[in-house]
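Inside the fold
So the chains spell out like this:
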Amino acid sequence: MANRWNWLLAPPVVVSLLLLGVTQFVFLEKSFFLDLGLGLSGDELTLQNYVDVLTDPLYFDSMKLTVVLAFSVVLLSLLLTYPVAYLLTRMPPRLATFLLAAIVCSTFVSVSIKILGMVIIFAADGAVSGFFRWLGVIDQSLQIIGTIPGVIFGYIHLAIGFMVMMLFNVIQTIPVRLEEAAQIHGASRWRVYWRVVVPLSLPGVLNASLIEFNLLMGAFVTAIILGGGKVLTFPVLIQRTLTLFNDYGMAAAMSAVLLVIVLVINVVSVVCVSRLKLNLGTVA
Amino acid sequence: MSESSLSTEDLRVVAAPRPLRRRRGVSRWGRNVGYCYLGLVILFIYAPILVVMGASVDPGHFVSTRAFLQFPPNGFSLRWYFSIAPELWASLWFSLKISALSAFTSAVIGLMAAFGLVRGSFPGKALVSALFRAPLQIPFIVTGVAFLQTYYLLSANTGLALQGTLTGLFLGNLFVSIPYAIGSISVSLARLNPRLEEAALTLGASPWRALWRVVLPLIMPGLYGGALFAFLITFTEVTISVFLSGANLLPFSVYVFTSVTTDMEPTIPAMSTIVFIGSLLLVYGVQRVLGMETLLRSGGTSS
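Cut-off values and rules
- Residues numbered from 1 in each chain as written.
- Chains lettered and ligands numbered in written order.
- Predicted model: local features only at pLDDT ≥ 70, side-chain atom pairs only at ≥ 80, totals over all residues.
- Helix = DSSP H or I, 4+ residues; strand = E, 2+ residues; numbered from the N terminus.
- Buried ≥ 20, exposed ≤ 12 C-beta atoms within 10 Å, placed from the backbone.
- Contact = placed C-beta atoms within 7 Å.
- Nonpolar A, V, L, I, M, F, W, Y, C, P; charged D, E, K, R; others polar.
- Core = buried A, V, L, I, M, F, W, Y, C linked by C-beta atoms within 7 Å.
- Axes fitted to C-alpha atoms, helices over the stretch in contact; angles between N-to-C directions.
- Left-handed = near helix turned anticlockwise from the far one by under 90°.
- pLDDT = per-residue confidence, 0-100.
- Parallel < 35°, antiparallel > 145°, perpendicular 65-115°, else oblique.
- Expected span 1.5 Å × (residues − 1).

Looking now at the overall build of chain B. The helix and strand inventory of chain B stands at 13 helices and zero strands. In chain B, the succession of α and β elements from N to C terminus is α-α-α-α-α-α-α-α-α-α-α-α-α. By the burial criterion, 44% of the 303 residues in chain B qualify as buried. Look at the contacts in chain B between residues 6 or more apart in sequence, and 76% of them connect residues 24 or more apart.

Given below as structure tokens:
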């Protein structure tokens, strides 16, 4: 009976293996050859590309910036969205559905369009700058585009829609009755949050954070536009190496380094999450 | 998770004895603060979109590249809506074709994979499931670089040029859309009550008929949800598409990206507004037909 279903997996597995295996193999192979320009690559296998990536402090600083950026964006958007997701699960369902629909719709707007809006808001003569001038906090225009806080702001903006959706799914699985039970036993509202809601949602929250982290480690659109060419995250450097310098071998080696770092962070967090699950003994 | 998994022992730890409070739940004041916060967050999410909509009706004659981009607009005019370049419409049409193809293919592959994963049983199922999720663990830029180099190699060795073509962009986006489709469909398949199918079989339906008339209609919301997600991911995705685009015909999201980074076309806000309203209608329509649950469930944490 069950065997019949197994065969259905064959086509998807073949497609996935082809798309995954071939592309990953090609670019990893490319990273071991020097790029001589004009589409020619060197004849012999070499680690030169990797040596260049791993020894140049420019790349090291850039990787550090990327990880710190992704980490802080995940943390900040988590703090920002957790209460929103909690409220949405505990409010009248009709209203919650409407608000969630609004948030879901916003995540379907192309990154480029949202960033365009942010460029208008943050421009030297834009709304934010004008507001602060009107308040009298600053007397010149406020420079946000081209700074790291500007890029962090942009990424948070892009992250929160997705984050609310994922956290809503997680918190939804915690029955309200558990909170009521804790309260009947005399726990204060804060104690209920800290000792019931937060621990029970923790594995799901970590999972959602990891997904968001992965997305951030591979994104460069926001960093390019809001960074104004001054915030050089690792993906931005890869994009430049590829489109400005046409150095495919180097771009491949940089991609490989990024891939390895992201995979290591993923494996470590998955192990941590499963330990956590063992400790809690519950929660899907 | 189930409630029974939290023992009374746990609850005693959680709620150490304290004097009982009169009011249970959140106070009215606390609730209002929460709702205000929620409103602010939604305003924050929508601010850039509203600003782009405002810029789209600005009558300004743009002199330099970004001079016309300001908020609030200086007046109201629909002139940009009537001067959208044919290339922009062509790129939108190109994107819609790629996205539709990606949605359809992801749904078919997702359906097969979901049935295999949920109902099949064989050693190494976890491995297959991990294979399906792998595209989400690889940074998108790495996927873009890897596909680009594969296309170069293909065109150098076989003459098959995929970069910039519909097929090339479709394959790159399919790669990242499949996991969402599988997630969405397998969740609805796993939640299906097995008794419904058993009842059909007991009442004399053939297994094939039970599948076709009972199971498939019941998992349709998951199928549509997965297809919608694949469509919208492909439509809005820039990071991978930017590498796989050619010089002439760009997908819409890449068109906007290059326009914002190089020289700004004044009709972009108008076109973006049209596209936003279009996706709003699409999501609204799907939600009316299938309910919000489907959309939310496929939000990425599943599978």
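Let us look at the overall build of chain A. Of regular secondary structure, chain A possesses 13 helices and two strands. In terms of its C-alpha atoms, chain A occupies a principal-axis envelope of roughly 75 × 75 × 30 Å. Counting only residues that meet the buried cut, chain A has 44% of its 284 residues in that class. When contacts within chain A are restricted to residue pairs at least 6 apart in sequence, those whose partners lie at least 24 apart make up 70%.

This part is about the interface of chain A and chain B. Contacts between chain A and chain B engage 98 residues on the former and 81 residues on the latter. Here the element with the most residues in the side of chain A that touches chain B is helix H2 (residues 10–30) of chain A; it accounts for 13 residues. Residues of the side of chain A that touches chain B, tallied by class, amount to 66 nonpolar, 25 polar and seven charged.

Take the nonpolar core next. Ranked by internal contacts, the top residues of the largest apolar core, which has 156 residues, are Val 119 and Leu 167 of chain A together with Val 145 and Ala 181 of chain B. Among the elements that make up this core, the one with the highest residue count is helix H8 (residues 148–172) of chain A (17 residues).

Inspection of the secondary structure puts Ser 83 of chain B in the loop between helix H3 (79–82) and helix H4 (86–119). C-alpha of Ser 83 of chain B to C-alpha of Pro 266 of chain B: the two residues are 183 residues apart in sequence and 9.3 Å apart in space.

Further remarks concern the packing of helix H6 (residues 140–158) of chain B against helix H7 (residues 166–190) of chain B. All names here are of chain B. At their nearest, the axes of H6 and H7 sit 11 Å apart, and the two run at 145° to each other. Here H6 and H7 pass one another in a crossing that is right-handed. Contacts between H6 and H7 pair Phe 140, Thr 143, Phe 147 and Tyr 151 from the former with Gly 168, Gly 172, Phe 175 and Val 176 from the latter.

Another point: the confidence of the model for chain B. All names here are of chain B. Per-residue pLDDT for chain B averages 80, and the proportion of residues at 70 or more is 82%. Scored below 50 in pLDDT, residues 1–23 makes 28 contacts in the model with residues more than four places away or belonging to other chains. In the model, residues 298–303 has pLDDT below 50 throughout and makes 26 contacts with residues more than four positions away in sequence or in other chains. The ipTM, which scores confidence in the relative placement of chains, is 0.85 for this predicted complex, and the corresponding pTM is 0.83.

So, about the environment of Arg 90 of chain A. Residue and element names in this part refer to chain A. Mapped onto the elements, Arg 90 comes out in the loop between helix H4 (57–89) and helix H5 (93–107). Residue class for Arg 90 comes out partly exposed when judged on the 18 C-beta atoms lying within 10 Å of it. For the pair Arg 90 and Gln 172, spaced 82 residues apart in sequence, the C-alpha to C-alpha distance is 8.6 Å.

We now examine the packing of H4 of chain A against helix H10 (residues 189–217) of chain A. Residue and element names in this part refer to chain A. Contact geometry for H4 and H10: axes closest at 10 Å, N-to-C directions at 135°. Considering the angle they form, H4 stands oblique to H10. Between H4 and H10 lies a crossing whose hand is right-handed. Taking contact as the criterion, the partners of Thr 66, Ala 70, Val 73, Val 74, Leu 78 and Tyr 86 in H4 are, on H10, Val 197, Val 205, Ser 209, Glu 212, Phe 213, Leu 216 and Met 217. Here the residues of the contact of H4 with H10 are counted per class, giving 10 nonpolar, two polar and one charged.

Residues and elements named next belong to chain A. With 12 residues, helix H6 (residues 111–122) should cover 16 Å at 1.5 Å per step; its first-to-last C-alpha distance of 16 Å lies within 8% of that length. The buried fraction of H6 is high, at 12 of 12 residues. Of the positions making up H6, those classed as buried are Val 111, Ser 112, Ile 113, Lys 114, Ile 115, Leu 116, Gly 117, Met 118, Val 119, Ile 120, Ile 121 and Phe 122.

Attention now goes to the confidence of the model for chain A. Looking at chain A, the pLDDT average stands at 83 and 91% of residues meet or exceed 70. The weakest mean pLDDT in chain A belongs to strand S2 (residues 40–41) of chain A at 66; the strongest belongs to H4 of chain A at 91.

The next point concerns unusual backbone geometry. Although it is not a glycine, Asn 246 of chain A sits at a positive phi angle of roughly 55°. The residue Asn 246 of chain A is located in the loop between helix H12 (234–243) and helix H13 (248–280) in this model.

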